[in-house]
Amino acid sequence: ADLGATRFAKYVRSFGFGSKTGIDLPGEAEGGIFSKEKLHQVELATSSFGQGQTVTMIQLASAFSAVINGGNYYQPHVVKEINSESGAVVSSNDNTLVKRVVSEDASKLIRKYLEKTVEDDEGTASPARVKGYVIGGKTGTAEVPNGSDNGIFVGFAPYDNPKIAVAVVLENGAG
């Protein structure tokens, strides 16, 4: 189905792209996405597979986590808890639910597809298999302004009840 510029832009924003996540790190970037007004036919087509937009790794990991965890987007954090010398909790970052981005059914279906991408011999991410685990993931290539291509992999485990998500960039310098 044709989403159109308005719905496409809404979905891109709902996953946190184009704005800071609010993670507890200094210097976070917003990334660059097309506004609804700039999503013409070509931009819609290329944006559907990520070209022409920029995202940070924390945006990517946060959006991916929401897709595979049942559809819930949580506030990302680096530090879960700070304890005093005596072991008392000084501060804690609980799992703060920000919003639902996809349905539970959509999340299950996407996990199934991502599992096939890794576990099927014909899957583009089959080299990411880990003996003893059933995992899912997605590969990608990012063209960056300096002329290089970066290989990207986002993955999760275990397949049936994700507990960990990983986002990796392999940088291949130009030249």
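In what follows, the structure referred to is the one given above.
Read on for a plain summary of the structure.

Each value, and the rule that gives it
Residues numbered from 1 in each chain as written. Predicted model: local features only at pLDDT ≥ 70, side-chain atom pairs only at ≥ 80, totals over all residues. Heavy atoms only, no water. Pairing = 2+ DSSP bridges. Helix = DSSP H or I, 4+ residues; strand = E, 2+ residues; numbered from the N terminus. Axes fitted to C-alpha atoms, helices over the stretch in contact; angles between N-to-C directions. Contact = heavy atoms within 4.5 Å. Polar contact = N/O pair within 3.5 Å; in protein donor to acceptor, adjacent residues only side chain to side chain. Patch = residues over 30% accessible without salt bridge, like charges linked within 9 Å, V, L, I, M, F, W, Y side chains within 5 Å. Areas by Shrake-Rupley, 256 points an atom, 1.4 Å probe, with all protein chains shown as cover. Salt bridge = Lys/Arg side-chain N within 4 Å of Asp/Glu carboxyl O. Buried < 20%, exposed > 50% of the residue type's maximum accessible area, 1.4 Å probe, protein only. Phe/Tyr/Trp six-rings, centres within 6.5 Å; stacked < 30°, edge-to-face > 60°. Lys NZ or Arg CZ within 6 Å of the ring centre and 35° of its normal.

### Some remarks on the sheet that holds strand 5 (residues 136-143)
Here's step 1: An order of 5-6-7 is seen for the three strands of this open sheet, with the pairing classed as antiparallel. Of all the strands in the sheet, the pair left with one neighbour each is strand 5 and strand 7 (164-172). Direction aside, the axes of adjacent strands within the sheet are offset by 15° on average.
Here's step 2: Pairing geometry for strand 6 (residues 149-157) and strand 7, over nine bridges, is antiparallel. Following the sheet pairing, Asn150 is matched in strand 7 by Glu171.
Here's step 3: Docked against the sheet, helix 4 (residues 104-119) engages strand 5 and strand 6, running at close to 75° with respect to strand 5.

### Here we look at the side chain of Thr117
Here's step 1: Counting through the fold element by element, Thr117 comes out in helix 4.
Here's step 2: Polar contacts involving the side chain of Thr117 include one to the main-chain carbonyl oxygen of Tyr113, which spans 3.0 Å.
Here's step 3: Once residues within four sequence positions are removed from consideration, Thr117 is found in contact with Gly123, Thr124, Ala125, Ser126, Gly137 and Lys138.

### Description of a nonpolar patch on the surface
Here's step 1: Taken together, Leu25, Val78, Val79, Ile82 and Val90 make up a surface patch of nonpolar side chains, about 430 Å² in accessible area.
Here's step 2: Following the sequence through the fold, Leu25 ends up in the loop between helix 1 (4-14) and helix 2 (41-47).
Here's step 3: On the basis of relative accessibility, which here comes to 47%, the residue Leu25 falls in the partly exposed class.

### Topic: the packing of aromatic side chains
Here's step 1: Inspection of every chain in the model, using the stated rule, returns one aromatic pair.
Here's step 2: Geometrically, the ring pair formed by Phe64 and Phe156 is tilted, given 6.0 Å between the ring centres and 50° between the ring planes. With Phe64 in helix 3 (residues 57-68) and Phe156 in strand 6, this residue pair connects regions lying 92 residues apart in the sequence.
Here's step 3: Classification of Phe64 by relative accessible area gives buried; the value is 10%.
Here's step 4: Between Lys10 and the ring centre of Tyr11, over which it is positioned, the NZ or CZ distance is 5.5 Å.
Here's step 5: Over the face of the ring belonging to Tyr73 we find Lys99, whose NZ or CZ atom lies 5.4 Å from the ring centre.

### Section: the pattern of salt bridges
Here's step 1: Under the counting rule described, the total for this entry stands at one salt bridge.
Here's step 2: Of the charged contacts in the structure, one is a salt bridge between Asp121 and Arg129, with a shortest N-O distance of 2.8 Å.
Here's step 3: Exposure remark for Asp121: the relative accessible area of 62% places this residue in the exposed category.
Here's step 4: What makes Arg129 partly exposed here is its relative accessible area of 34%.

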